[in-house]
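# Coordinate analysis (summary)
Listed here are the chains, written in short residue letters.
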Amino acid sequence: MAIRELDSTPSLATLYPKALLGGVLHKPSGDSLPDTELVRTGVVVDPAHLAAYNTVCGFRLSDELPATYPHMLAFPLQMALMTEPGFPFPLLGMVHVANRITQHRALRLSEPLTVRVRAENLRPHEKGRQFDVVSEAWAGDHLVWVDVSTYLRRGAGSGSSRREQLAPPTPDAIWRVPADIGRRYAEVSGDRNPIHLHPLTARLFGFPRAIAHGMWTKAHALAAFEGRLPEAFTVDVRFKQPVLLPAKAGFTSWSVGDGWAFELWSKAKPHLEGTISSL
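Below is a short write-up of the structure.

Definitions and cut-offs
- Residues numbered from 1 in each chain as written.
- Predicted model: local features only at pLDDT ≥ 70, side-chain atom pairs only at ≥ 80, totals over all residues.
- Heavy atoms only, no water.
- Helix = DSSP H or I, 4+ residues; strand = E, 2+ residues; numbered from the N terminus.
- Rg over C-alpha atoms; globule rule 2.2 N^0.38 Å.
- Buried < 20%, exposed > 50% of the residue type's maximum accessible area, 1.4 Å probe, protein only.
- Areas by Shrake-Rupley, 256 points an atom, 1.4 Å probe, with all protein chains shown as cover.
- Lys, Arg positive; Asp, Glu negative; His and termini not counted.
- Charge placed at Lys NZ, Arg CZ, Asp CG, Glu CD.
- Polar contact = N/O pair within 3.5 Å; in protein donor to acceptor, adjacent residues only side chain to side chain.
- Axes fitted to C-alpha atoms, helices over the stretch in contact; angles between N-to-C directions.
- Parallel < 35°, antiparallel > 145°, perpendicular 65-115°, else oblique.
- Contact = heavy atoms within 4.5 Å.
- Nonpolar A, V, L, I, M, F, W, Y, C, P; charged D, E, K, R; others polar.
- Pairing = 2+ DSSP bridges.
- Left-handed = near helix turned anticlockwise from the far one by under 90°.
- Phe/Tyr/Trp six-rings, centres within 6.5 Å; stacked < 30°, edge-to-face > 60°.

With that settled, consider the overall build of the chain. Across its full length, the chain carries six helices and 11 strands. Here the chain has a C-alpha radius of gyration of 18 Å; the compact-globule value for 279 residues is 19 Å, and the two agree. Along the longest, intermediate and shortest principal axes, the C-alpha atoms of the chain span 50 × 45 × 35 Å. Looking at the chain as a whole, 48% of its 279 residues are labelled buried. Looking at the chain as shown, the accessible area adds up to about 13,500 Å², and 54% of this sits on carbon and sulfur atoms. If the 30 positive side-chain charges of the chain are averaged to one point and the 27 negative ones to another, these points end up 10 Å apart.

Okay, here's the thing in structure tokens:
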């Protein structure tokens, strides 16, 4: 694998126009993912940014990073990788279908990190093809955090599966998700995909209203377990139906072994299902 170390964090302000242009001009470039890993060393968390992230997602203010926060550090590298000319799919139109984060130990605000990002495991999906973008955070020589984001490129797939329609569970809590949460999360995450920002821009991509970021729903769900989480754990989610903004959704959690399972529903639509398990 070719290792490419970056001198600075990629600019999302530059990458988003590149992604939009790529959605128009991109031509399929094969069936293989680039054999490249992007690396950024000496990454330090900005305390003001962490505070803003915690506020938007519902975490308490602390110098300990929520397990979902390092995704903010990896996201510019993910964007840079997926907008390179050799990437086989345009970023526009890809669907984030799952995310698994493993925290090997708690991360602190003060420690510098090395962030590494690569794409791997291109494979069939019933609705097209899917692949993983793997992000890692290292503290010195120690791997402390791993994020596996699974993306779907819709197209000719491997077949269809029929799923039983289940009734939503009785919620433990009701989320009232404001209409501007997409814009607020975009401010801290840099993820300014038009589908999250305004009803008009969302309609251009086939959504009746703006939708919440999947990683915001995951972070907000994880915040519900604050104070009960072990130092080392995995939180694994599958993104189902999008959360149309504004929204009222029911959140349910229950114990499973040494961890938990949780779901988010609106009426009869499942939005999120996930598990938390100790290492």
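Before going further, it helps to examine unusual backbone geometry. Omega for the bond connecting Leu 245 with Pro 246 falls within 30 degrees of zero, at -10 degrees, which places this linkage in the cis form. Tracing the sequence through the fold places Pro 246 in the loop between β8 (233–239) and β9 (247–256). Positive phi outside glycine occurs at Asn 121, with the angle close to 60 degrees. Checked against the element boundaries, Asn 121 lands in strand β4 (residues 113–125). When its relative accessible area of 42% is taken as the criterion, Asn 121 is described as partly exposed. With a phi close to 55 degrees, Lys 267 is a non-glycine residue in the positive phi region.

This paragraph deals with the side chain of Glu 136. Assignment of secondary structure puts Glu 136 in strand β5 (residues 128–139). Judged by its relative accessible area of 10%, Glu 136 falls in the buried class. Looking at Glu 136, its side chain comes within polar contact range of the side chain of Arg 118, at 3.1 Å. A polar contact of 2.9 Å, which involves the side chain of Glu 136, links it to the side chain of Trp 138.

Right, let's get into the packing of helix α2 (residues 47–57) against helix α6 (residues 214–223). Between α2 and α6, whose axes approach to 9 Å, the crossing angle comes to 80 degrees. With respect to α6, the element α2 is oriented roughly perpendicular. The residues of α6 that touch α2, namely those facing Tyr 53, Val 56 and Cys 57, are Trp 216, Ala 219, His 220 and Ala 223. The class makeup of the residues in the contact of α2 with α6 is six nonpolar, one polar and no charged.

Right, let's get into the sheet that holds β5. With mixed pairing, 11 strands are arranged side by side in an open sheet as β1-β2-β4-β5-β6-β3-β8-β11-β10-β9-β7. Either end of the sheet is taken by a strand with one partner, and the two such strands are β1 (2–5) and β7 (173–177). On average, each strand axis in the sheet is inclined to that of its neighbour by 20 degrees, with strand direction left out of account. As judged from the seven bridges shared by strand β10 (residues 259–266) and strand β11 (residues 269–278), these two strands associate in the antiparallel manner. In the strand pairing of β11, Trp 265 is matched with Pro 270.

A few words now on the packing of α2 against helix α4 (residues 181–189). Packing of α2 against α4 brings their axes to within 9 Å, and their N-to-C directions diverge by 160 degrees. Classified by the angle their axes make, α2 and α4 are roughly antiparallel. When you trace α2 past α4, the crossing you get is left-handed. Residues His 49, Ala 52, Tyr 53, Val 56 and Cys 57 of α2 lie in contact with α4, whose contacting residues are Ile 181, Arg 184, Tyr 185 and Val 188. In terms of residue class, the contact of α2 with α4 is built from seven nonpolar, one polar and one charged.

With the rule as written, the count across this model stands at 12 aromatic pairs. Seen from their ring centres, Trp 175 and Phe 251 are 5.4 Å apart, and the 20 degrees between their planes marks the pair as stacked. Note that Trp 175 is positioned in strand β7 and Phe 251 in strand β9, a separation of 76 residues in sequence. In terms of burial, Trp 175 and Phe 251 fall into one category: buried. Ring-pair connections join several aromatic residues into one group, and the members of that group are Trp 175, Trp 216, Phe 225, Phe 251, Trp 260 and Phe 262.

The next point concerns the side chain of Thr 83. In this fold, Thr 83 is placed in the loop between α3 (70–82) and β3 (95–103). Within the local environment of Thr 83, its side chain forms a polar contact with the backbone oxygen of Met 79, the two atoms lying 2.7 Å apart. Polar side-chain contacts of Thr 83 include one of 3.4 Å to the backbone oxygen of Ala 80. Leave out the neighbours within four places in its chain, and Thr 83 touches Leu 15, Lys 18, Ala 19 and Leu 91.

By themselves these figures say nothing about function.
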